[in-house]
Amino acid sequence: MQVWTKLFAKSPFKPLIKHAEVVLETVETLERALEAWDKGEYEAMREYARKVDDLEDFADKIKEEIRDSLSSKLFMPVNRGDILRYLQMQDKIADAAENTAKWLLVRDPNDTPEDLKEEVRSLIMKMSQESIKAAKLVYEAIVQMDRVIESGFGEKEIEREYEIIKEIEGVEHKIDELDTKFMEIIFKNSSRLEWGLGMYLLNIAKTLSNISDRAKDAAERIRLMMNK
Amino acid sequence: MIELLSDPWLFITIAVGLFMAWAIGANDAANSMSTAVGAGAITPKQAVIIAGVLEFTGAYLFGKSVTETVRKGIIDASQISDPNVIVYGSIAALLAASLWLLFASKFGLPVSTTHSIIGGIVGYGMVYAGTSIVNWGKMAQVVASWILSPIFGAIVAFVVIKLVSKTILQQKDPIESAKKWAPVWIGLAFVVIGSMFYIKVMHGKSLFIAVSRYGLAAGIGAFLVSFALLRRNFKATDPYWGAEAIFRKVQVLTSAYVALSHGANDVANAVGPVAAVYAVATMGLAGMKVPVPRWILAMGGLGIAIGVATYGYKVMETVGRKITELTNTRGFSIDFSAATVVLVASWLGLPISTTHTVVGAVIGVGLARGVKAINKDIVKDIVISWFVTVPVAAIIAGIVFKILMIVG
């Protein structure tokens, strides 16, 4: 009786985890690009930045596949709309990483005033590390969501999930602070900076902070999935 | 027996009866093993062998040796005076039911074999004597079972999966809790299985005897054995995997039981009409109840076993490859709930279909947020197939019967 094979539909959670994996890889590749930027290896930086673009495309493809398979015919333990919105947010993490990569490709920052160079670079690197952390935590959160369902919404697993969500919110807050600090530095020195350079630096910071914003949005959606 | 086969009508009936038995094996029997195969407890090949042997054993050793000529008294046999009607009617009913089962198997719809044969009998009965021959009270019970079976199945499965996850999966240390609670659940499952063995396989009547003599003995035995085994050799690192591993073993036993009782019970759907024709051929009369010779039971059992081996194999292979969403605890909860519902229902005298109860139980586990995804469209198709089983089988049987009456 083939009914068993049809009655149980394919769960969207394994593909969601796969998507999160690719998103994490996208952000990690961006960090490598920024490290190359930091060292002044612009050729390597451009190569990594282009790879970020490819990975983002790949994530998009997985997203489309999940969307197509998540028809309203499925009866699931979590709300279908919540899953779809979560997926959208998770995908936007990769989009944000791609945006940073795009700015990296626009120009080389070799004309930053010497006295600012160190501060600017250390702040950007810090933000990049934090955004990786955010993407990693989102990956952990969706893996944990799978466990929450596996345990039949066990309290212990839900608690652990809330801890991860809180961590993501913490990271987002930290990046926001770094972003503000970065903006202050740029504007304080605006008279000495060429406008193009200012815009370039500000946008790298902004897009990096967007990564954690999207991570936070994704975490919010996971919270909603648990309170059906 | 040789001279009996020279009677062309008896020969035809036996052939159609074998076809029906084969269709039962193809549609239903794979059923008993599919949760175990789906959850990866046994391979499809093992499942086919276990199911084939147990279905045959159930049918041959425990099939009812006396059967009603018209299943469950759905039509009034005393209104049929012409023995030829029994012969043609039985062939028509068997043919209609097996064709419908074949169609349902093709589309993967789990329909009740009992309801198929009931439809066939009602069909020829109505063509012969009009609506008055049908026992509408019994018919209402059949209709009620379409609604009751899945609802009870769903409610019990919902409660069972919740309790299993509360006691095991949601505990601080699932492995420790599994060691403590799994024997309790296994014991409970065997209380049900032991009792069911008496009622379904040995065809006992009293639930009290069933539970006190068979159920409790099996339950306590299973509890002690599983308790000891879990204490002695149980290693697991991942808590969920560990808990699942325990239920994996139990599932093989519950499935084996389902196959045995299915053989014991459902063989009647194929051999009942054959026995009726046999009675006409040997004694020349049409009675309400007739004895079923052993060789007819063996034939039915063989037919079911062949159905499992030929068609069931394909089904179980797909099941093994495709169902990844059914864990052992979920599979156990479905099996346990379905068995409990059928046991309690047979005690209360409620008309319950095992097939329908199992589907209900799957939905119940889904409602308890225990399964990651269930296909709603398939559920709809299944429910529709239940409602059309009796009418479709009745119409086909009616047409075949009419033709046989004209040419016969």
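In this text the structure is predicted, and so the values were computed from the model without any measurement. (Residues numbered from 1 in each chain as written. Chains lettered and ligands numbered in written order. Predicted model: local features only at pLDDT ≥ 70, side-chain atom pairs only at ≥ 80, totals over all residues. Heavy atoms only, no water.)

What follows is about the overall build of chain B. Summing up its helical and strand segments, chain B has 13 helices and three strands in all. A compact globule built from 408 residues should have a C-alpha radius of gyration of about 22 Å, and chain B, at 22 Å, falls within 12% of that. Projecting the C-alpha coordinates of chain B onto the three principal axes gives extents of approximately 70 × 40 × 35 Å. In chain B, which comprises 408 residues, the proportion classed as buried is 59%. When contacts within chain B are restricted to residue pairs at least 6 apart in sequence, long-range pairs at least 24 apart make up 84% of them. Between the centroid of the 30 positive side chains of chain B and the centroid of its 17 negative side chains there is a distance of 8 Å. (Helix = DSSP H or I, 4+ residues; strand = E, 2+ residues; numbered from the N terminus. Rg over C-alpha atoms; globule rule 2.2 N^0.38 Å. Buried < 20%, exposed > 50% of the residue type's maximum accessible area, 1.4 Å probe, protein only. Contact = heavy atoms within 4.5 Å. Lys, Arg positive; Asp, Glu negative; His and termini not counted. Charge placed at Lys NZ, Arg CZ, Asp CG, Glu CD.)

The next point concerns the nonpolar core. Counting residues in each nonpolar core, the largest one holds 88 residues, and the members touching the most others are Met20, Met33, Ile74, Ile75, Tyr124, Met316 and Ile334 of chain B. Here this core takes 13 residues from helix 4 (residues 83-106) of chain B, the largest share from any one element. Formed by 78 residues, the second largest nonpolar core is a distinct cluster that contains Leu16, Leu24, Ala49 and Ala215 of chain A. (Core = buried A, V, L, I, M, F, W, Y, C linked by side-chain atoms within 4.5 Å.)

We now examine the packing of aromatic side chains. All names here are of chain B. If you walk through the whole model with that rule in mind, you get 16 aromatic pairs over all chains. The interplanar angle of 70° and the centroid separation of 5.7 Å between the aromatic rings of Phe62 and Phe197 together place this pair among those described as edge-to-face. Here Phe62, found in helix 3 (residues 44-62), pairs with Phe197, found in helix 7 (residues 174-201); they are 135 residues apart in sequence, far enough to count as distant. Classification of Phe62 by relative accessible area gives partly exposed; the value is 24%. (Phe/Tyr/Trp six-rings, centres within 6.5 Å; stacked < 30°, edge-to-face > 60°.)

Here the focus is the packing of helix 7 of chain B against helix 11 (residues 328-348) of chain B. To describe two helices that pack against each other, one gives the angle between their axes and the distance between the axes. All names here are of chain B. Direction vectors running N to C along helix 7 and helix 11 enclose 40°, while the axes themselves pass 10 Å from each other. With respect to their mutual orientation, helix 7 and helix 11 come out oblique. Considering only the axes of helix 7 and helix 11, their crossing is left-handed. The residues of helix 11 that touch helix 7, namely those facing Trp185, Ile186, Leu188, Ala189, Val192, Ser195, Met196, Ile199 and Lys200, are Phe332, Phe336, Ala339, Thr340, Val342, Leu343 and Ser346. (Axes fitted to C-alpha atoms, helices over the stretch in contact; angles between N-to-C directions. Parallel < 35°, antiparallel > 145°, perpendicular 65-115°, else oblique. Left-handed = near helix turned anticlockwise from the far one by under 90°.)

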